[in-house]
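Observations on chain architecture
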Amino acid sequence: MLATIDRVFAWVTWLLAAFAVAVLLIGPELVGAEKPPPTKQAVAATAASGKDVFTSTCGGCHTLADAGTSGATGPNLDDAAPDAATVKAYVRGGGGGMPAFGDTLSNAEIDAVAAYVASVAGG
Amino acid sequence: MAAAAETAPEPPRPIGGAGVLAAGAMGAAVAIALGLYGRVHEPASDLAITLGFADTITMKVWLTTVAVLFALVQVFSALWMYGRLPLASRPSWLANAHRISGRLAFLFTLPVAYHCLYQLAFQDTTTRVLAHSVLGCLFYGAFATKVTIIHMPGRAGIWLPVIGGTVFALLVATWVTSGLWFITTSGIPTP
């Protein structure tokens, strides 16, 4: 019984591994999934949501007047007025006690929230 | 007696150094190919794979954790097969169970690796992220080396537990820098 399962699993394993490689090379539309837009387009499409991302993810720890948040765990961003690259680096990789969000936010969300913070902080 | 000795099949010869090097080269090629793919591929933005979980990150944490559990079964069954556990002589199903657990561990990593490579690509923003990227590539390279050695004619000898242990260590290290890191920083995600 186990030997039969083992043989079946051998085929299943190789078929799925080959499928994974094929989807990597061709893209998720191979299985009918909508291919996500390239990063730059995605940023444009989600720029308006930068404020939403900030409010739901960052506002608990940071103060930012435009977003109406008053978190005090991290730096006051109206005072710090970071540029987009700085925000992006911290959101992706964390640092100074702030956890990284590179695995939990999409690239588009990170770009959007960075653009948003840089555009309104200190303003 | 002498006739029996003459007709007994010869034990398989051990895999030579060239074979081990070839298997290692195969694994290196796989690891480098994955790393290069992750480096040149433009990360996708909104690719969501959930497979029934609440969200993508939850799926990744759970699947990798289950993969590690199956890998632990692999190690346990391997130790049993090699007579390193104080247990009765190995049952007939042990080898099959060992292989099935290994295949399941590998299968559970596939959706995770696909999302990592296609959505996030190879990243080096922090030491943890860089380590995770490198370890993930090395894991699949070591896995390819192990599979190559298993399918080579001849006796793998010491090389099999060595590469098997390496595959296990790399899987655990990859999980520690992602799944376990997420659990320790954000808690166990609800499936």
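These remarks concern the structure in this document. Since this is a predicted model, take the numbers as computed values, not measurements. All residue numbers here refer to positions counted from 1 along the written sequence of the relevant chain. The order in which chains are written sets their letters, starting at A; the order in which ligands are written sets their numbers, starting at 1. A pLDDT threshold of at least 70 governs which residues receive local features in this predicted model, and a stricter bar of 80 or more applies before side-chain atom pairs are shown or counted, although totals over entire chains, interfaces and linings include all residues. Side-chain measures here rest on the full set of heavy atoms in the structure, leaving out hydrogens and waters.

A closer look at the layout of surface pockets
In plain terms, the rule: Using only the protein atoms, space was sampled on a 1 Å grid; points where a 1.4 Å probe fits but cannot get out form cavities, open sets with protein on both sides within 12 Å along at least five of seven lines form pockets, and lining residues are those with an atom within 4 Å of a point. Grid points are joined across faces, edges and corners, and a volume is the space filled by probe spheres set on the points. Note on conventions: DSSP H or I runs of at least 4 residues are helices, E runs of at least 2 residues are strands, and numbering of each starts at the N terminus. Residue polarity is assigned by list, with Asp, Glu, Lys and Arg as charged and Ala, Val, Leu, Ile, Met, Phe, Trp, Tyr, Cys and Pro as nonpolar; anything else, Gly included, falls into the polar class.
In this structure, the largest pocket spans a volume of roughly 890 Å³. The wall of the largest pocket is formed by 31 residues, among which B:Gln74, B:His98, B:Lys146, B:Ile150 and B:Leu160 lie closest to the centre. Mapped by element, the contributors of at least two residues to the lining of the largest pocket are helix 1 (2-26) of chain A together with helix 3 (56-81), helix 4 (94-120), helix 5 (127-151) and helix 6 (159-186) of chain B. In terms of residue class, the lining of the largest pocket is built from 19 nonpolar, 7 polar and 5 charged.

Digging into the side chain of B:Arg103
Cut-off, in case you're wondering: Whether two residues are in contact is decided by their heavy atoms: any pair within 4.5 Å suffices.
One can find B:Arg103 in helix 4. Those residues in contact with B:Arg103 that sit more than four places away from it in its chain are A:Asp6, A:Phe9, A:Ala10 and A:Thr13.

With respect to the interface of chain A and chain B
Heads up, the rule is: Accessible area that two parts lose when put together, evaluated with a 1.4 Å probe and summed over both, is termed the buried area. Here, a salt bridge means any Lys or Arg side-chain nitrogen found within 4 Å of an Asp or Glu carboxyl oxygen. In the analysis that follows, any N or O atom pair within 3.5 Å is treated as a polar contact, provided that within protein one partner can donate a hydrogen and the other can accept it, and provided that, for residues neighboring in sequence, both atoms belong to side chains.
Tallying the contact residues gives 32 residues for chain A and 31 residues for chain B. When chain A packs against chain B, close to 2,800 Å² is buried across both sides, 67% of that on carbon and sulfur atoms. Of all residues in chain A, A:Asp6, A:Leu24 and A:Asp103 give up the largest surface area on contact with chain B, accounting jointly for 23% of the area buried on that side. Counting across the chain A and chain B interface gives 3 salt bridges. Taking the shortest distance from any N to any O, the salt bridge between A:Asp6 and B:Arg99 comes out at 2.6 Å. For the interface between chain A and chain B, the tally reads 5 residue pairs in polar contact (both at pLDDT 80 or more).

Observations concerning the packing of aromatic side chains
Residue and element names in this part refer to chain B. To keep things clear, this is the line we draw: A pair of Phe, Tyr and Trp rings is counted when the ring centres sit within 6.5 Å of each other, with Trp represented by its six-membered ring. The angle between the planes then sorts it: under 30 degrees is stacked, over 60 is edge-to-face, the rest tilted. Consider the ring centre and the ring normal. A charge sits over the ring if Lys NZ or Arg CZ is within 6 Å of that centre and within 35 degrees of that normal.
Summed over the entire model, instances satisfying the criterion amount to 9 aromatic pairs over all chains. Seen from their ring centres, Trp80 and Trp93 are 5.9 Å apart, and the 90° between their planes marks the pair as edge-to-face. Highlighted residues: Trp80 in helix 3 and Trp93 in the loop between helix 3 and helix 4, separated in sequence by 13 residues. Members of the aromatic cluster, joined through ring pairs, are Phe106, Phe139, Tyr140 and Phe143. A cation over a ring is seen here: Arg128 above Trp181, with NZ or CZ 3.6 Å from the ring centre.

Describing empty space enclosed by the protein
To find the voids left in a structure, one rolls a probe of water-molecule size over its atoms. Residue and element names in this part refer to chain B. Per the counting criterion, the structure on display carries 1 cavity of 30 Å³ or more. The calculated volume of the largest cavity comes to roughly 550 Å³. Sorting the residues of the lining of the largest cavity by element identifies helix 3, helix 4, helix 5 and helix 6 as the ones contributing at least two each. By residue number, the principal contributor to the lining of the largest cavity is helix 5, which donates 8 residues. Partitioned by chemical class, the residues of the lining of the largest cavity number 18 nonpolar, 9 polar and 3 charged.

So yeah, pure geometry; function would need other evidence.
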